[in-house]
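Examination of the molecular architecture
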Amino acid sequence: MTQRIQIVIVFILIQLSIGYLVYPNLIYALTKTAHWEVVMFQGFLQWILIWIYIKGLNYFPENDVIDIYLKMGRWATIIILTPFVINLIALVAFNIRLHTEVIISVFLPRTPYWSILILLYFISVYTAIKGLGTIFRSSIFIFLIVIPLVLFNIFSSVINFDIHNVTPAWNSPARFLFNIKFFYLLGFSSFLFLGFMASKTKLSFRQLFIACASVTLFFLSVVYIPLFIFGQDTVVTLTNPFLEAMDSVEISWFSFNRQTMFFGLSLVGLVIVANSVMLWMISQVMRKIVTSRRVKSSYWIIAFSVISFVFAFFVPNQSLVEKFFLWSTGAQAYSMIVIPFTIFIYGFLSKRGVIRYEK
Amino acid sequence: MKNIVKEIKSKFSNHHDFFIEEELVDKTAIYLIGFNTLIDLPKSKLYVQQIAASSSSVKALFINLSDQIEVDTEQLLKAILEGKLVIVSKDNEENVIVDPIAQNLSRSIEEPKNESAIQASMDAFGEDININIGMIRKRLNTERLCHSSYQVGDLDKRRLSMLYIKGRTPNILIEKVNQQLMQINSDIETIDDLNRQFGKRRLSPVSHLSTTELPIQAIHSLKKNRIVLFMDNYPFALVFPNLIWDMFSIENDRNFPFVLTFMLRIFRVIGAMATVVLPALYVALVSVNPGIFRADLALFVAKSREGIPLSAFLETILMVVIVDLILEAIVRLPKSVGPSITMVGGIILGQAMVEAKLVSNLLVIVITAVVIASSAVVGMQNSLYIRLLKYPILVLASLFGILGVWTGFIFTVIYLASLTSDDIPYLTFKIEQEGDTK
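Position labels on residues start from 1 in each chain and follow its written sequence. As they are written, the chains are lettered A onward and the ligands numbered 1 onward, keeping that order. A pLDDT threshold of at least 70 governs which residues receive local features in this predicted model, and a stricter bar of 80 or more applies before side-chain atom pairs are shown or counted, although totals over entire chains, interfaces and linings include all residues. Only heavy atoms go into the side-chain values, all of them from the structure, while hydrogens and water stay out.

The name that an unreviewed UniProt entry assigns to chain B is Spore germination protein, with the source organism given as Fictibacillus barbaricus. UniProt positions are given in the numbering used here, feature names are shortened, and annotations may be inferred rather than shown by experiment. The Sequence similarities (unreviewed entry) comment attached to chain B in UniProt states, word for word, "Belongs to the GerABKA family."

Under an unreviewed UniProt entry, the name given to chain A is GerAB/ArcD/ProY family transporter, and the organism recorded is Fictibacillus barbaricus. Here chain A is described in UniProt, under the heading Subcellular location (unreviewed entry), as follows: "Membrane".

Structure follows, in structure tokens:
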């Protein structure tokens, strides 16, 4: 009973989860002025990739990405998807670890990080094992709770704004295009999972466009809230600018001391959804590549989550985590370019009858 | 040549309520056979005699009495056990199974005992399965209401009935439930026995079936594309599948204006959330994360716990368990003793424990709120499982504080989202109408 709205919601949630923490840092590193241009440009690029991806997928109704690659041949599947899986494992590991660091700093400064790591892993793995339907249904509820928190965070921070911090807003050196970090930036997208559902309902561009637009708006707010509050010069020195921005907000009538609590809560919800989707994707790929009847997909999920837990556990400090996280998103960007294009080209060719494949 | 009668007699030799009465009709002897605990013998005899007076022969009498004539011994035995009157002629050539005038063993239609209906019709289902289905038929005059009945069980054949509206309930669902009911080969004593037939949910607190006592509610479920099951001698309709919204809405709400209905349902949702989260939130805020409150509020909370020896977690779990014990004790006790438990419990919880500085004032307030809140949801079954769900979250809260409450809550949502009955997820709000009217 997969419905489009569920897909759109999961799409938004994963984007938010990946983008919340490191995204602003990257933008500040890329440009000193006119940050919105970078964000919009990234959104635009992502939109083009999604368009190509969906077009390619629609050539093969009721097939998911893995099926399409299996049509190309077993080796093609292994060559293209194995790096993707390894990348996903790393992404899961560093994403959880990154969030754990922030959660510790928000809630539990004295708790050892491994206990929170285990908690988050346990819930993500449980969700992934239960399958896509569970992920979709629970993500709707998580969305309904988390999004008001996010909006509350964004709007409550308005009281600290200083408009002079973001001037000049009109200056556009397009140098950022040639920076390697822009490539990392591209990796902050989550549309690849769209191809993993062999959905009978064709994905419509309009709903995805709304999702993309709202995500871009959100990214803009994530980038600009710290900017409005601190200004570019201060912001580049902070490790978690958005977190600091939230910490600076003080509402006198509100009975809670710190806004960051809500920020932390929304992070937890988001990271669980994002990681369970990624683990589920891994299990799908492995299940279809290794067609053994004895190995259930839940075994794959458990095995790979243990591997990624080991990764996450042995990273010594936060700056390394951040660096690794950026690397894995960069590698993710590679898959994000390769997979849509190969699918599209293959679909285009097979529709023209250049390649014949057995049904 | 009395072998059928003898055979029956030997079968029931150690049943003292078994009778064989000899009657004379048209100069032929006939035997009336049955259980006098199930059959009102004098009245039934009179009935047979009256029919006999207007019949010319024994054969004509039998035809007049019933159309189940000349059946084999096996069926006769079964009929006797079911409370039918069996008549056998002396020469053993003819026999008949008659619907007698039965002993009145079931209560009449009464007011609902488990659910209270406000501003609504006041009749509730009873023990007799036929009366129950009749109550539905009376309110739902359509030929699309379908009824299939089953007799399942190993030792005792229990009657089950499945009702659905053709063209509303998805055909796949009807098919599956039909299969599952046909396959039953163990005794169905309780709802849980039946529940187990719908797939693996042995350790789950959430049942596949939601119960209702009110015909209106059952009919509403039928109209909302669901299946209603009846068990013989069980005064509830079992709605399949059980969905989460059943916990928050009953059809009777809609006898009020929309705004009031909406308010009632919102309150139930708040009640369920509060039950699950409040005790855990107390533990988290008091023991792990006191810093998230503003200073004055944090001070107030800390002050209320001054001089209390127990840790926040111990204190809370103690109170929560005591309250759950009281709720259970009130149910167990006879109605005349029940109120005393309420009184004693109230004094212990409300005053003595606070004055002895065992628990804090604030906790008493929290616990009271939780008890009231947990009773706001519809149905005892739902109230119970909501009460169960708060324990894991409480444990998580004592370990991780606010983070524990939140992850516990998310985990609960994920768990509920993972439940399906026959591929219909528990967290759906409505079942798509897929069946066709053909």
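This part takes up the sheet that holds strand S5 (residues 145-152) of chain B. Adjacent strands of a sheet form backbone hydrogen bonds with each other and so pair up, either parallel or antiparallel. Residue and element names in this part refer to chain B. Strands sit in the order S5-S6-S8-S9-S7 across an open sheet of five strands; the sheet is antiparallel. Both edges of this open sheet fall to S5 and strand S7 (210-212), since each of them pairs with a single strand only. Looking at each pair of strands side by side, their axes are set apart by 25 degrees on average, direction ignored. For two strands to count as paired, DSSP must find a minimum of two bridges between them. Going along the chain from the N terminus, every DSSP run of H or I of four or more residues is numbered as a helix, and every run of E of two or more is numbered as a strand. Relative to strand S9 (residues 237-240), S7 runs antiparallel, the two sharing three bridges. Following the sheet pairing, Ser210 is matched in S9 by Val239. Note on definitions: angles span 0 to 180 degrees between N-to-C directions of axes, and those axes are lines fitted to C-alpha atoms, for helices only across the stretch in contact.

All names here are of chain B. Within the open sheet, the four strands sit side by side as S1-S2-S3-S4. Their pairing is antiparallel. Two strands bound the open sheet, and with one partner strand each, they are strand S1 (18-25) and strand S4 (95-98). Averaged over all neighbouring strand pairs, the angle between strand axes comes to 20 degrees, with direction disregarded. Pairing of S1 with strand S2 (residues 28-35), which is carried by eight bridges, proceeds in the antiparallel orientation.

This brings us to the UniProt feature "transmembrane region" (unreviewed entry) in chain B. Residues and elements named next belong to chain B. The residues that UniProt annotates with the feature "transmembrane region" (unreviewed entry) are residues 266-288, 308-330, 337-354, 360-379 and 391-417. Spanning residues 337-354, this segment combines 94% helix with 0% strand, and its end C-alpha atoms are found 26 Å apart. From the first C-alpha to the last, residues 360-379 spans 31 Å; its make-up is 70% helix and 0% strand.

This paragraph deals with the environment of B:Met247. Residue and element names in this part refer to chain B. Among the structural elements, Met247 can be located in the loop between S9 and helix H9 (258-288). Residue burial is assigned from relative accessible area. The probe radius is 1.4 Å, only protein chains are included, and a residue is buried under 20% of its type maximum, exposed over 50%, and partly exposed in between. Judged by its relative accessible area of 2%, Met247 is buried. When the C-alpha positions of Met247 and Ala117 are compared, they lie 15 Å apart, and in sequence the two are 130 residues distant. Whether two residues touch is decided by their heavy atoms; if any such pair falls within 4.5 Å, the residues are in contact. Excluding residues within four positions of it along the chain, Met247 makes contact with Arg268, Val377, Val378, Asn382, Tyr385, Ile386 and Tyr426.

Moving on, we get to the layout of surface pockets. Residue and element names in this part refer to chain B. In this structure, the largest pocket encloses a volume near 1600 Å³. As defined here, a cavity is a set of points on a 1 Å grid over the protein atoms alone where a 1.4 Å probe fits but cannot get out. A pocket is an open set with protein on both sides within 12 Å along at least five of seven lines, and residues line them when an atom is within 4 Å of a point. Asn114, Val378, Gly379, Met380 and Gln381 are the residues nearest the centre of the largest pocket, which is lined by 50 residues in total. Contributing elements (two or more residues each) for the lining of the largest pocket: helix H7 (191-196), S7, helix H8 (215-223), H9, helix H11 (312-332) and helix H14 (380-400). The residue inventory of the lining of the largest pocket, partitioned by class, reads 21 nonpolar, 18 polar and eleven charged. How far each domain reaches was decided by an automatic or database domain assignment. Taken domain by domain, the makeup of the lining of the largest pocket includes at least three residues from each of domain 2 (129-241) and domain 3 (257-421). Grid points are joined across faces, edges and corners, and a volume is the space filled by probe spheres set on the points. If you add up the space inside the second largest pocket, you get close to 1100 Å³. As for the second largest pocket, its lining consists of 29 residues, and the residues nearest its centre are Leu81, Glu82, Gly83, Asp232 and Asn233. Only helix H4 (73-81), helix H5 (129-139) and strand S6 (158-165) provide two or more residues apiece to the lining of the second largest pocket. Polarity classes work like this: nonpolar for Ala, Val, Leu, Ile, Met, Phe, Trp, Tyr, Cys and Pro, charged for Asp, Glu, Lys and Arg, and polar for all others, with Gly in that last group.

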